[in-house]
Every structure is written in C-alpha cells, then in structure tokens.
Amino acid sequence: MNRRGFTLIELLVGIVLVGIVGGAIYQVLVNSQRVYTLQTQRAAMNDNNRTAVTILPAELREVAATDVLGSDIIQMSATAITYKAMRSLRIICADPDVMGSRVLVRNDLMAGMRWWNLDVGTDSLLIFVEGNPATRTDNTWLHASYQGSGGGALCADGLTQGTWLVLDGIAPAGALAGVRIGAPVRAFVVMQFETYTDGLGDGWLGARRYAKGGGWPGQPQPVLGPLANAGFQLTYFDEDGNTTVNTDEVARVGIRIVGQTLAPVRGPNGLARAQDQLETAVALRNNNRGD
Amino acid sequence: MPTVRNERGIALAVAVFAMVVIGALVAGAFYVGRQEQRIGRNTVFMQQALTAAEEGAYMTIANWDPRQHNEVDDHPIDSVTGPDCTVQASGEYCASVRRLDELLFLIESEGFSPQRFARQRVGVLARLRPIELSINAALETQQITTLGGNQKISGVDSEGDWSSDPALCGPPVADLPGIRIKDASTIVTEGNNWEVNGDNPQNNGLGAIEEDPTITGDGLTTFGDADWEVLRSMATMVLAPAELPAIAGGQIRPVGDATTCNTAVTGNWGEPALSTTAVPNNAPFVAGCQNYFPVVYVTGDAQITNARGQGVLIVEGDLYVTGGFEFYGPVIVQGALVTEGGPANDPAHFYGGVIAARVSSGGVDNRLAGNAELYYSSCAITRALQGGAKPWPLQERSWVNMY
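Residues numbered from 1 in each chain as written. Chains lettered and ligands numbered in written order. Predicted model: local features only at pLDDT ≥ 70, side-chain atom pairs only at ≥ 80, totals over all residues. Heavy atoms only, no water.

### Focus: the overall build of chain A
Phase 1: On a plain count of helices and strands, chain A comes out with one helix and 14 strands.
Phase 2: What you see for chain A is a C-alpha radius of gyration of 29 Å, clearly larger than the 19 Å of a compact globule of 291 residues, by over 25%.
Phase 3: With 291 residues in all, chain A has 44% of them scored as buried.
Phase 4: The contacts in chain A between residues at least 6 apart in sequence include a share of 61% that link residues at least 24 apart.
Phase 5: Carbon and sulfur atoms provide 56% of the accessible area of chain A, an area that totals close to 13900 Å².
Phase 6: Side-chain charges in chain A split into 24 positive and 26 negative, and the spacing between the mean points of these groups amounts to 12 Å. (Helix = DSSP H or I, 4+ residues; strand = E, 2+ residues; numbered from the N terminus. Rg over C-alpha atoms; globule rule 2.2 N^0.38 Å. Buried < 20%, exposed > 50% of the residue type's maximum accessible area, 1.4 Å probe, protein only. Contact = heavy atoms within 4.5 Å. Areas by Shrake-Rupley, 256 points an atom, 1.4 Å probe, with all protein chains shown as cover. Lys, Arg positive; Asp, Glu negative; His and termini not counted. Charge placed at Lys NZ, Arg CZ, Asp CG, Glu CD.)

What follows is the structure in structure tokens.
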C-alpha cells in the first residue's frame with residue numbers, strides 16, 4: 001500500500017505558494033474589474049455629455065430671438081431655458097380662408113422632426129406673410145394656435161391634396177389676409193430644459209413640453225445626468241458677443257455640461273465619482289438678419 | 001521500482017480560469033473604449049455633415065443662376081432644379097432648389113461627412129430680392145443738364161422692339177415725365193432738334209419736365225431698403241473702366257447660340273433682340289441669351305461705344321455713350337450721363353429709365369446730344385429686375401432643420 005504523502009513542510013510551502021499565486025490573481029482580477037468599471041462609467045458619462053451638446057444645439061439652432069411679436073426664448077436663466085422649438089415645415093397651397101381662420105397646407109411637401117401630424121394640445125404655428133411683394137421690409141411671421149384639422153381639400157393647383165389647419169389667436173389680427181399661396185408654415189411647441197435634483201441628491205437635466213390647455217404637465221423627463229454640482233450652465237450672448245439677460249437680444253448660447261459618473265470609481269484621489277465637462281456654443285440661425 | 005506519483009492538481013484549471021476572466025475584463029474594457037471612440041467619432045461625422053449641408057444651401061444662394069432657377073414654375077410641377085452635388089475633402093453636399101411661389105424658394109441641402117458616414121439635411125427659405133427701383137421718369141437727375149443734338153427723351157411707356165411679342169410685356173403704365181430734375185433752371189438747351197415727351201403733373205410750363213426740389217443724390221441712389229452699397233453688392237458682373245474697351249474688340253454683345261449663353265464672357269450683357277426683330281448692325285441673334293439679365297457694375301467711369309444688352313447697368317462714375325448702343329433695363333449712374341455722336345441710323349437707345357444722380361456737385365455735367373434716345377419702359381425695368389434677381393435668405397426664420 002502506498003503510504004507516501006505530503007510532509008508538513010511540503011504542505012506549508014504549497015499553501016504559501018498557492019496564497020502568493022492566488023493573491024496575485026486576485027489583484028489582477030480586482031484591477032481588471034476596476035479598469036472595466038472605470039471605463040464603462042466614464043463612457044456612460046461621456047455619452048451623457050455628448051448627448052447634451054448634440055440635443056441642445058439642435059433644439060436651439062432654429063430659434064429666432066428677434067421676432068417682433070416676441071422672442072422665441074420665453075424665459076432663460078443659467079440653468080433653464082423655455083423656448084419655442086420648431087418641429088415641422090409645411091407649405092400653404094390655397095388662398096387662406098380668412099373668415100374660417102384656416103389655411104390649407106400641402107400633403108406632398110412637409111419636413112422636420114415631427115411632420116406627419118400636429119398635436120392640438122401643444123402645437124402652434126408661424127405663417128410667413130409676404131405683405132407687399134414689391135418690398136421685403138414688411139415680411140413677417142404670423143403667430144397662431146393650432147386648433148385642429150379641418151379636413152382635406154384640393155390645393156389651388158388642382159393637382160395635389162392638402163389639409164386644412166384651423167387657427168386661433170392669430171397675431172397680428174387680420175394678418176391672415178396677407179398670406180399667399182406658397183407661404184411656409186412652421187409648427188412649434190414650447191419646450192423647457194431645466195435642471196432638477198432626484199431623490200438621491202443627484203442633479204439632472206430634464207425637459208418637458210408645454211400643454212396649451214394645462215400648463216406644464218408634471219415633472220421634467222430626464223434627458224441626461226447625473227450632473228456634477230452646477231453641472232449645467234447656459235450663457236447668453238448678443239450679436240456683439242457680450243453676455244445678455246434680454247431674451248430678444250440673444251444671438252448665441254454657450255452650453256457647459258459637467259457630468260459625473262453614476263457610481264464612484266477609484267482614481268488618484270481614492271474612491272469618488274469621476275467628472276468631465278464639455279462646452280459648446282450654438283448660434284441662433286433664425287434671428288433677423290437685418291439685411 | 002518507485003511508482004509514479006499522481007501529480008494532478010487544479011493549478012492549471014485555476015490559471016486558465018483566471019486568464020479567461022482577466023481576458024474577458026480586458027476585452028470588455030477595450031470594447032467599451034472602442035465603442036466610446038466610435039461614438040465620439042460619429043459626433044464629429046455628424047457635425048461635418050451638418051456643416052456640409054449648410055454650406056450647400058448657402059453656396060447655392062451665392063452661386064445663384066437666375067437663368068436656371070428663376071425660370072422654373074411653382075411647386076408642384078417643374079419646380080425643382082438640381083440636385084447639384086459638390087464633393088470636398090471635408091465632406092460633400094447635394095443641394096436642390098424648389099420654387100414655392102413667385103418670390104419664394106426652398107433650398108434643400110443634404111450634407112455628408114467624408115466617406116458618407118453621417119448625413120444631415122437642412123433647408124433655407126430664400127426670397128428673390130429684385131432691386132426695388134423706383135423709376136419716375138425717363139431721366140432723373142439733380143441739376144445741370146444740356147439738351148442738344150437730335151436727342152429724344154420720352155416718359156411715355158415704351159416697349160421698344162419687345163412690342164412685337166405680346167407675351168413679354170404687360171399693359172403700359174401711365175405716362176411719366178421725360179425728365180425729373182431737382183432744379184429745372186439748370187437745364188441748358190442747344191438748337192431745336194431735341195425733344196422731351198411725357199407727362200408733367202405739375203403743368204408748370206416746363207413741358208414734360210418735372211421739377212422736384214426734394215431730389216437728392218442719396219435719394220436717387222437708394223431704393224427701398226437698398227442703398228448704393230447694397231445695390232453694388234447685387235452685381236453679377238463687376239467691370240473696371242479699363243476692361244470695357246477691351247471687351248470683344250470694344251463690342252458688348254451676347255455670346256452663345258440658340259440654346260446656350262456664355263455668361264462667363266464679360267462682354268455678354270444678354271440678348272435684347274427678338275427672333276422677329278432686326279438685330280442692330282446685322283449681328284447674329286443669340287436666342288440662348290434672351291433670358292440673361294446681368295446686373296453690371298462698372299467701378300468707375302464707363303465709356304461705351306458699341307453695345308447691345310439688357311439687365312441693370314450700375315456705374316460708379318460717369319457714363320459716356322457714343323455710337324451704337326441699345327440697352328433694355330434701368331441704368332443708374334452715380335455721376336453724369338453724356339451721350340454724343342452716333343450715326344443717325346444707329347443711335348444710342350435706352351429702354352427703361354436712366355438715373356444720373358450726380359451725387360457730387362463737381363465734375364462732368366449731364367449732356368445729352370448726338371442721336372441718343374431715352375425711353376421710359378416699365379416692361380424693360382420689370383423684366384430686367386426680375387430676370388436678374390437673386391435670392392436672399394428670409395430676413396427671419398430662414399433656416400430649417402429638415403432631418
């Protein structure tokens with residue numbers, strides 16, 4: 001019978017060796033996991049930051065702050081902005097029905113983020129008014145609230161179908177008579193971006209859409225976060241590059257995002273939530289050109 | 001004989017397992033990093049595409065060809081020109097132009113990043129901006145005008161040779177004064193063969209000459225919201241004075257054939273003649289240039305001896321016309337107009353209206369002698385202004401994100 005075994009010395013040496021190897025493996029595993037966690041956390045944070053500098057300029061680029069009937073920027077602060085967000089473009093295809101307060105728009109020529117339908121609860125319209133064709137100085141945009149579809153009809157060209165858009169609150173009053181066939185119609189909603197703090201104390205950037213009948217429906221929906229303290233800053237500049245607090249003078253908006261990771265990660269200063277920031281600026285494309 | 005000891009253990013399995021786990025974590029980290037890099041790069045591509053799309057829209061406006069775009073119909077039939085595509089190292093774009101009504105256009109531009117990794121589409125609403133000229137007489141000026149020779153100035157709406165095509169012109173407008181001048185006492189006459197026709201609502205004994213003391217040099221060279229600077233910026237052809245005599249041997253005439261018009265030639269100022277009318281000096285008729293109405297700006301004094309053209313002629317200095325000249329469209333001169341000489345069978349013909357502002361009190365005086373004929377023509381003015389008009393983005397809300 002084979003009675004050979006391990007001596008005590010052999011066992012001790014074996015245990016020590018296993019401990020050393022195991023410890024080394026454990027250390028490698030832990031470091032790998034930390035790197036992985038750090039990578040994924042930072043990637044998520046960077047995604048958030050990039051989302052902000054993609055969405056916000058896209059939203060604000062189409063704003064006109066200089067409209068004589070009121071700036072598209074309704075309210076603004078360093079941490080929030082309420083503005084008219086353009087959503088679609090349509091084209092008038094028949095003389096406006098002034099008595100019925102409605103316009104016929106083409107079904108075959110629409111564009112924008114949400115061109116397929118309009119929402120009575122949130123959407124309003126801007127309609128180009130040529131005025132006197134001999135001059136461009138009286139060109140303007142009529143403001144009206146969208147009150148629903150008035151059914152379909154044939155456009156004035158006799159070839160294409162259109163849809164009646166029923167209007168209300170036309171401003172300036174009587175301007176509908178000056179709308180010509182071919183005039184562009186822009187649909188917009190009132191949007192708000194603002195920061196808020198969640199139940200865990202983290203800052204977030206949220207957005208919500210104004211309901212014409214009932215104000216702001218509930219809390220903002222999260223767009224990006226978590227943000228670092230004071231992690232969302234808007235700065236407003238006029239056409240001379242000076243900062244301004246007047247909504248009708250804004251020509252450019254500076255956006256600064258300081259995001260942070262969702263969970264703490266180990267860094268040079270120990271375990272903490274990593275932060276990173278992105279800055280961008282967007283020029284308002286639709287301000288009055290003054291030329 | 002010693003037996004072989006069973007040395008099987010778990011070290012290899014543990015090592016393999018650890019390597020797999022570590023490998024997975026490292027691969028995961030690399031994957032996340034790679035994805036991160038890709039997402040970041042896609043953001044750059046998207047921005048490149050947006051920039052290209054915007055460039056496409058605005059370059060289309062900057063390079064607007066009135067003969068190509070101004071002639072299309074309103075949407076939906078035959079309303080689109082393009083797309084015209086341009087490829088550059090920084091991206092590419094394809095832009096098309098859609099006419100919405102008589103004045104409005106929608107320029108749709110699709111931009112791509114290099115290698116077409118990203119695409120963006122933007123639109124610009126643009127409105128034709130004809131020069132808003134207000135022509136109130138066959139000749140408008142401030143002061144000092146010499147009338148002599150066999151010259152004829154008429155404020156009666158004339159169509160010239162274009163009267164042979166009823167489709168070209170609308171009904172004539174009411175007669176205007178032959179001359180509208182700030183100070184009629186500065187008119188000097190020579191001989192009795194000159195003639196000024198038209199209407200003068202003042203009935204002040206000056207015949208067809210209207211005197212308006214409110215006339216100023218700036219007033220004569222400012223039209224609607226367009227001052228002289230804006231007017232000059234609308235030029236489609238800019239010529240230095242020295243270039244004029246060198247043009248095609250001193251002759252300004254249309255260059256092209258029955259279907260094409262070579263607008264790169266600076267001596268080509270369009271074809272005012274019709275296929276049914278005689279072309280001066282039996283020159284060839286160029287049908288391809290009939291819809292070409294350049295806005296010509298001469299940066300100093302302009303001396304023209306042989307010319308046939310149409311459009312808008314803007315002269316920074318004085319305009320001297322001697323010999324055969326036939327021009328349909330408004331002529332705006334900062335200085336004075338001098339017409340002299342010219343054969344009786346080929347006089348200088350202006351159809352449209354001439355403004356000789358004489359903004360500076362010194363220098364040359366207006367002098368109309370020889371065989372010059374100035375006719376007010378609402379048709380020539382309208383066709384020249386609309387045919388050569390270029391669009392500008394709407395003053396407000398011109399930019400559209402079309403996604």
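### Brief notes about the overall build of chain B
Phase 1: Secondary structure summary: chain B contains six helices and 25 strands in total.
Phase 2: In terms of overall dimensions, chain B has C-alpha extents of about 150 × 45 × 40 Å along its principal axes.
Phase 3: Taking as baseline every contact in chain B between residues at least 6 positions apart, the subset at least 24 positions apart corresponds to 64%.
Phase 4: Element-wise, carbon and sulfur atoms account for 53% of the exposed surface of chain B, whose accessible area totals about 17200 Å².
Phase 5: Distance between charge centroids for chain B: 17 Å, based on 24 positive and 45 negative side chains.

### Focus on the nonpolar core
Phase 1: Trp269(B), Leu313(B), Leu319(B) and Phe350(B) are the most contacted members of the largest nonpolar core, which has 74 residues in total.
Phase 2: Apart from residues no more than four positions distant in its own chain, Phe350(B) is found in contact with Leu319(B), Val321(B), Phe325(B), Phe327(B), Val331(B), Leu337(B), Thr339(B), Glu373(B), Leu374(B) and Tyr375(B).
Phase 3: Grouped together as the second largest cluster of nonpolar side chains are 35 residues, Ile91(A), Ala111(A), Leu165(A) and Ala183(A) included. (Core = buried A, V, L, I, M, F, W, Y, C linked by side-chain atoms within 4.5 Å.)

### A look at the interface of chain B and chain A
Phase 1: In this complex, chain B contributes 47 residues to the contact, which on the side of chain A involves 59 residues.
Phase 2: Across the chain B to chain A interface the summed buried area is about 4700 Å²; carbon plus sulfur atoms make up 58%.
Phase 3: Contact with chain A buries surface across chain B, with Gln395(B), Glu396(B) and Arg397(B) losing the most and accounting together for 19% of the total.
Phase 4: In this assembly, chain B and chain A are joined by seven salt bridges.
Phase 5: Taken together, the connections running from chain B to chain A amount to 18 residue pairs in polar contact (both at pLDDT 80 or more).
Phase 6: Among the secondary structure elements, those contributing two or more residues to the side of chain B that touches chain A are α1 (11-62), β3 (104-112), β4 (119-128), β24 (391-393) and β25 (399-401) of chain B. (Buried area = accessible area lost by both parts, 1.4 Å probe. Salt bridge = Lys/Arg side-chain N within 4 Å of Asp/Glu carboxyl O. Polar contact = N/O pair within 3.5 Å; in protein donor to acceptor, adjacent residues only side chain to side chain.)

### A few points about the packing of helix α1 (residues 8-60) of chain A against α1(B)
Phase 1: Two elements in contact, α1(A) and α1(B), have axes separated by 10 Å at closest approach and are oriented at 15°. The angle between the axes of α1(A) and α1(B) places the two elements in the roughly parallel class. Regarding α1(A) and α1(B), the two cross each other, and that crossing is left-handed.
Phase 2: Partitioned by chemical class, the residues of the contact of α1(A) with α1(B) number 16 nonpolar, 10 polar and three charged. (Axes fitted to C-alpha atoms, helices over the stretch in contact; angles between N-to-C directions. Parallel < 35°, antiparallel > 145°, perpendicular 65-115°, else oblique. Left-handed = near helix turned anticlockwise from the far one by under 90°. Nonpolar A, V, L, I, M, F, W, Y, C, P; charged D, E, K, R; others polar.)

### Quick look at the pattern of salt bridges
All names here are of chain B.
Phase 1: This model, assessed by the stated rule, comprises 32 salt bridges over all chains.
Phase 2: Its salt-bridge partner being Glu140, residue Arg180 comes within 2.5 Å of it at the nearest N-O pair. Separated by 40 residues along the polypeptide, Arg180 in strand β8 (residues 179-181) and Glu140 in strand β5 (residues 139-141) bring together distant segments of the chain. Taken as a pair, Arg180 and Glu140 share a single burial class, namely buried.
Phase 3: Arg367 serves as the salt-bridge partner of Glu340, at 3.3 Å between the closest nitrogen and oxygen.

### What to know about the pairing of β3(B)
Residue and element names in this part refer to chain B.
Phase 1: Within β3, eight of the nine residues are buried, leaving the element largely enclosed by the surrounding structure.
Phase 2: In the sheet, strand β2 (residues 91-99) pairs with β3 via eight bridges, with the strands oriented antiparallel. Within β3, the residue paired with Tyr93 across the bridge is Gly111.
Phase 3: What sits between the antiparallel neighbours β2 and β3 is a turn of four residues.
Phase 4: Where β3 lies against β4, nine bridges are found, and the strand directions are antiparallel. Considered in β4, the bridge of Ser109 is made with Val122.
Phase 5: The hairpin turn running from β3 into β4, its antiparallel successor, is six residues long, and Gln115 in that turn takes a positive phi close to 65°. (Pairing = 2+ DSSP bridges.)

### Comments concerning the state of the cysteines
All names here are of chain B.
Phase 1: Evaluation of the coordinates by the stated rule reveals four disulfides over all chains.
Phase 2: Cys169 shares a disulfide with Cys379; S-S distance 1.8 Å. Residues Cys169 and Cys379 are joined through a disulfide that is left-handed, its torsion about the S-S bond being -75°. A residue pair is termed long-range when its members are at least 10 positions apart, and Cys169 in the loop between β7 (152-154) and β8 and Cys379 in helix α6 (residues 378-387) qualify at 210 residues. Cys379 matches Cys169 in its accessibility class, with the two residues each being buried.
Phase 3: When the bonded cysteines of chain B are counted from the start of the sequence, the pairing works out to 1-2, 3-6, 4-5. (Disulfide = S-S within 2.5 Å.)

### Some remarks on the packing of aromatic side chains
Residue and element names in this part refer to chain B.
Phase 1: By the definition in use, this model includes 11 aromatic pairs over all chains.
Phase 2: For the ring pair Trp269 and Phe327, a centre distance of 6.3 Å and an interplane angle of 85° mean the geometry is edge-to-face. Taken together, the residues Trp269 in the loop between β13 (251-252) and β14 (295-298) and Phe327 in strand β19 (residues 325-333) connect sequence positions 58 residues apart.
Phase 3: Assessed through its relative accessible area of 0%, Trp269 is described here as buried.
Phase 4: Given the relative accessible area of 1%, Phe327 is considered buried. (Phe/Tyr/Trp six-rings, centres within 6.5 Å; stacked < 30°, edge-to-face > 60°.)

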